[in-house]
Amino acid sequence: MELEIGGRIFKSETRFALDLKPVLAYPDELHENFPAYEMFRNIYFSKADRDKILENSVRYDLTFTTHGKIGKEYIKTYGHYHPEVEKGLTYPELYEILEGKAYFVLQKPGKSSEEIEDVIIVEAKEGDKIIVPPNYGHVMINPTDKNLKSCNWVYSKFSSIYNPYTKMRGAAYYLTEDGWIRNERYRSPKPRFSKPKIPKELGLRRDEEIYKLIKTPEKLEFLYRPSLYQRLFEEAFEFE
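Not measured: the values here are computed from a predicted model.

Caption draft 1: The pattern of salt bridges, seen in detail. Under the definition given, this model contains 21 salt bridges. Between Glu 201 and Arg 231 there is a salt bridge whose closest N-O contact spans 3.7 Å. One end of the pair, Glu 201, is in the loop between β18 (192-196) and α3 (230-234); the other, Arg 231, is in helix α3, and 30 residues separate them in sequence. Of the charged contacts in the structure, one is a salt bridge between Glu 208 and Lys 212, with a shortest N-O distance of 2.4 Å. Take Glu 208: its relative accessible area is 11%, and that puts it in the buried class. Linked by salt bridges that have partners in common, Glu 13, Arg 15, Arg 41, Arg 59 and Asp 61 make up one network.

Right, dumping it as structure tokens:
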């Protein structure tokens, strides 16, 4: 898939339904291979923005997630963790929903991939900004009958870690047409349900897209120096 922005053509990386089979709740119900989501990485709207992006070692991505179900489970991303950036802290990430609605399943592992200390399920709609805090893995789910469009900022110089999700066949919870289903392969607590909040430190209004942050790239420092921004992470959730 190709996307034209500012006269430039960006090509996507496609994740097909078959690619998701190792993390599906109902893998035997996958009878047709189709594009589950498209990822456009390293997007920029102008050369000046590109220079700032490179200078600050960050990356802006777009993800288009289709709608539908595999068996009873709604279409989702594969799920991954981030590596450690500072002692005891992994890289965080910042998302925004541009079109549609999503659920994010955030999970904090314990001493092993089987043990989960905390699960946060974030309900997000168009305009919402979602922070994945340090030490949490994440999956994004499209629970609707319409396509989902999202974007994200992340530090550019690391590789995501997918193996724990493969080993455990997905996240600690699946979203199905019957509701939330616990993945019995984990030892995990009941999820905490939340809606996202925009931390004051980002200086964004709800109607301002997170892409704007490249104009003041110092506001993206939390992506690679999370130890300085504990309050920002604490402000990111509004629990039910």
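On we go.
Caption draft 2: Region of the structure containing the packing of aromatic side chains. Going through the model one piece at a time under the given rule, you end up with 18 aromatic pairs. Aromatic pair Phe 40 and Phe 64: ring centres 5.3 Å apart, planes at 55°, arrangement tilted. Taken together, the residues span a long stretch of sequence, with Phe 40 in strand β4 (residues 35-40) and Phe 64 in strand β5 (residues 58-65) at a distance of 24 residues. For the pair Phe 40 and Phe 64, one class covers both residues: buried. Chaining the aromatic ring pairs together yields one cluster made of Phe 45, Tyr 60, Trp 153 and Tyr 211.

Cut-offs used in this document
Residues numbered from 1 in each chain as written. Predicted model: local features only at pLDDT ≥ 70, side-chain atom pairs only at ≥ 80, totals over all residues. Heavy atoms only, no water. Salt bridge = Lys/Arg side-chain N within 4 Å of Asp/Glu carboxyl O. Helix = DSSP H or I, 4+ residues; strand = E, 2+ residues; numbered from the N terminus. Buried < 20%, exposed > 50% of the residue type's maximum accessible area, 1.4 Å probe, protein only. Phe/Tyr/Trp six-rings, centres within 6.5 Å; stacked < 30°, edge-to-face > 60°.

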